[in-house]
Amino acid sequence: MKNPIPNIHLNDLMPYKGGKSHVLGVEKIYKLSSNENPFGPSKAVVRAYRNAVNDITVYPDPSNNELTKKLSEFYSIDYSKIICGCGSDEILHLLARAYLAGNDEAIVSENSFAVYPLAIKASGARVVRAKEKDFVTQIQSILDLVNNSTKIVFIANPNNPTGTMISYDDIIRLHNELPDDILLILDEAYAEYVHDESYHSGFNLVNDNNNVVVTRTFSKAYGLAGLRVGWAYCPIEVIDVLNRLRIPFSVNSAAQKVAVAAINDQQHIINSVKHNNFWLPKIKHELENLGFIVTSSHCNFILIEVPIELNHDADEIYNFLCSRGIIVRQMYEYGLPNYLRLTIGLEEANSLVISSLVEFLK
Ligand SMILES: Cc1ncc(COP(=O)(O)O)c(C=O)c1O
């Protein structure tokens, strides 16, 4: 019997693996594996979600009009250049499908978000990785890889899984030196957490150019990962192409309403970021005192190297933390087997991480 044959370039694609959320036999779980906001959404947002039940009989607004209007007002950006998606993942995949085909290349930073290679390979194109220095994206390494086959450069700023960022000056330099027909995608999923003076969103670059896209998400600081809402700020020509490709109702009606309520409750974002600003340096310091090597992060997570001097590997530490109900992220799929990524949690979870590691290493 013959079987249907999928596209050949899908053969070496591995499905994306999300952070684990259960440990067999452990009841109380602290999920610190997917960089969600440990506070979840605010009360006002939960109310908006409950009210959204009234809308579930009819199809959602395919133009995401209310949400797009709110985003345009809040960020002072052009309504007609905003597109919403089922998470920013959907938009990243659409961009790859729209601008890449076999024999094309897309450049990513050496250790960057795992969805980019998936989206690139799903389009039949080649992934080209630009060397980093100390886990920081290097503009010159990217520029050195540009050739006639390059169609897209993906930059997560700040970056997952490293947590590092590059300055707006670097982004401008990269853009200035890239040919105009290469699409520069700036993924700003963690922008709300950054407070470095040299960091700026790429919105203005989108306003002034035809080859820059900025993606954003409600999954991280806004605490809505389960609702799947993301969006992008794009040149009109890009919006036009994505609108031809996307499925009509990818953002459901509850997600549209709740995302508007989340933008209206900025106090929740301020509180969440304040909590992160307190715990990020504290946990880094405590982990370094225990002998771990911790990358400087501008996000709500940190990348932790388990050095051989500790006489334990990342798997042992991962398993021990799991036994205490703490789930962090293993880094195999990122090619970093001796690293773990830890999301900043609530005080109880953070303290438990530290006390568990102290216990394990003593
Ligand atoms: C850098 C980066 N971009 C995009 C995403 C995807 O976000 P969304 O939930 O909006 O699809 C993530 C999620 O982990 C991320 O880390």
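What you see is a predicted model, and the numbers here were worked out from it, not measured in a lab.

1. Describing the packing of helix α3 (residues 87-99) against helix α8 (residues 236-245)
With their axes 10 Å apart at the nearest point, α3 and α8 run at an angle of 100 degrees to one another. What the angle tells us is that α3 and α8 run roughly perpendicular. Facing Ile 91, Leu 94, Leu 95, Arg 97, Ala 98 and Tyr 99 of α3, the residues of α8 in contact are Glu 237, Val 238, Val 241, Leu 242 and Leu 245. Among the residues forming the contact of α3 with α8, the class breakdown is nine nonpolar, no polar and two charged.

2. Things to note about the domain arrangement of the chain
Assigned domains of the chain: these are domain 1 (8-40 + 267-361) and domain 2 (43-265). Both faces combined, the contact of domain 1 with domain 2 buries some 2,600 Å², and carbon together with sulfur accounts for 64% of it. Of all residues in domain 1, Ile 269, His 298 and Tyr 334 give up the largest surface area on contact with domain 2, accounting jointly for 24% of the area buried on that side. Taken together, domain 1 and domain 2 are joined by eleven residue pairs in polar contact (both at pLDDT 80 or more). Put simply, the parts of the chain that give the side of domain 1 that touches domain 2 at least two residues each are α10 (266-289), β12 (301-305) and β15 (339-343). The greatest single-element share of the side of domain 1 that touches domain 2, amounting to seven residues, is contributed by α10.

3. Notes on the nonpolar core
Core analysis: the biggest nonpolar cluster contains 52 residues, and Leu 67, Leu 71, Val 153, Leu 174, Phe 218 and Trp 231 have the highest contact counts within it. The element contributing the most residues to this core is helix α9 (residues 253-264), with seven residues. Both domains that meet at this core, namely domain 1 (8-40 + 267-361) and domain 2 (43-265), each give it at least three residues. Contacts of Leu 174, omitting those with residues within four sequence positions, involve Ile 139, Ile 142, Leu 143, Val 153, Ile 155 and Leu 184. Of all hydrophobic cores here, the second largest spans 33 residues; its members include Ile 83, Phe 135, Leu 183 and Cys 234.

4. Quick word on the packing of aromatic side chains
For the structure on display, the rule yields 14 aromatic pairs. With 6.3 Å between their ring centres and 70 degrees between their planes, Tyr 16 and Phe 113 make a pair best called edge-to-face. Of this pair, Tyr 16 sits in the segment before β1 (30-31) while Phe 113 is found in the loop between β3 (105-109) and α4 (115-122), placing the two residues 97 residues apart along the sequence. What makes Phe 113 buried here is its relative accessible area of 13%. A centroid spacing of 5.3 Å and a plane angle of 40 degrees characterise the contact between Tyr 75 and Trp 231, whose relative ring orientation is tilted. In this pair, Tyr 75 is assigned in helix α2 (residues 65-75) and Trp 231 in strand β10 (residues 230-233), connecting sequence segments 156 residues apart. Under the relative-accessibility criterion, Tyr 75 is labelled buried at 18%. Taken together, the ring pairs connect Phe 74, Tyr 75, Phe 203, Trp 231 and Tyr 233 into an aromatic cluster. A cation over a ring is seen here: Arg 341 above Phe 301, with NZ or CZ 5.5 Å from the ring centre.

5. Notes on the pattern of salt bridges
A complete count under the given rule lists 16 salt bridges for this structure. Of the charged contacts, one joins Arg 216 and Glu 192 as a salt bridge, the two residues approaching to 3.8 Å between their closest N and O atoms. Here Arg 216, found in strand β9 (residues 212-217), pairs with Glu 192, found in the loop between β8 (183-187) and α7 (203-208); they are 24 residues apart in sequence, far enough to count as distant. The exposure classification of Arg 216 matches that of Glu 192, with both residues buried. We note a salt bridge from Lys 282 to Glu 286, for which the minimum N-O separation is 3.5 Å. Taken together, the residues Lys 282 and Glu 286, both in helix α10 and four residues apart, mark about one turn of the helix. Residue classification places Lys 282 among the partly exposed residues on the basis of a relative accessible area of 32%. Since its relative accessible area comes to 28%, Glu 286 is described here as partly exposed. Linked through salt bridges whose partners overlap, the residues forming this network are Glu 188, Glu 192 and Arg 216.

6. Things to note about the site of the ligand
All residues in the neighbourhood of the ligand are listed as Gly 87, Ser 88, Asp 89, Phe 113, Asn 160, Asp 187, Ala 189, Tyr 190, Thr 217, Ser 219, Lys 220 and Arg 228. Take Asp 187: an N or O atom from its side chain is 2.5 Å from a nitrogen atom of the ligand. The contact in question runs from an oxygen atom of the ligand to an N or O atom on the side chain of Arg 228, over 2.8 Å. When the ligand is considered free in solution it has 400 Å² of accessible area, and contact with the protein chains removes 94% of it. When residues in the shell around the ligand are grouped by element, the largest group, three residues, is from α3. Looking at the shell around the ligand residue by residue, the class counts come to three nonpolar, five polar and four charged.

Thresholds applied
Residues numbered from 1 in each chain as written. Predicted model: local features only at pLDDT ≥ 70, side-chain atom pairs only at ≥ 80, totals over all residues. Heavy atoms only, no water. Axes fitted to C-alpha atoms, helices over the stretch in contact; angles between N-to-C directions. Helix = DSSP H or I, 4+ residues; strand = E, 2+ residues; numbered from the N terminus. Parallel < 35°, antiparallel > 145°, perpendicular 65-115°, else oblique. Contact = heavy atoms within 4.5 Å. Nonpolar A, V, L, I, M, F, W, Y, C, P; charged D, E, K, R; others polar. Domains from an automatic or database assignment. Buried area = accessible area lost by both parts, 1.4 Å probe. Polar contact = N/O pair within 3.5 Å; in protein donor to acceptor, adjacent residues only side chain to side chain. Core = buried A, V, L, I, M, F, W, Y, C linked by side-chain atoms within 4.5 Å. Buried < 20%, exposed > 50% of the residue type's maximum accessible area, 1.4 Å probe, protein only. Phe/Tyr/Trp six-rings, centres within 6.5 Å; stacked < 30°, edge-to-face > 60°. Lys NZ or Arg CZ within 6 Å of the ring centre and 35° of its normal. Salt bridge = Lys/Arg side-chain N within 4 Å of Asp/Glu carboxyl O. Near = heavy atom within 4 Å. Areas by Shrake-Rupley, 256 points an atom, 1.4 Å probe, with all protein chains shown as cover.

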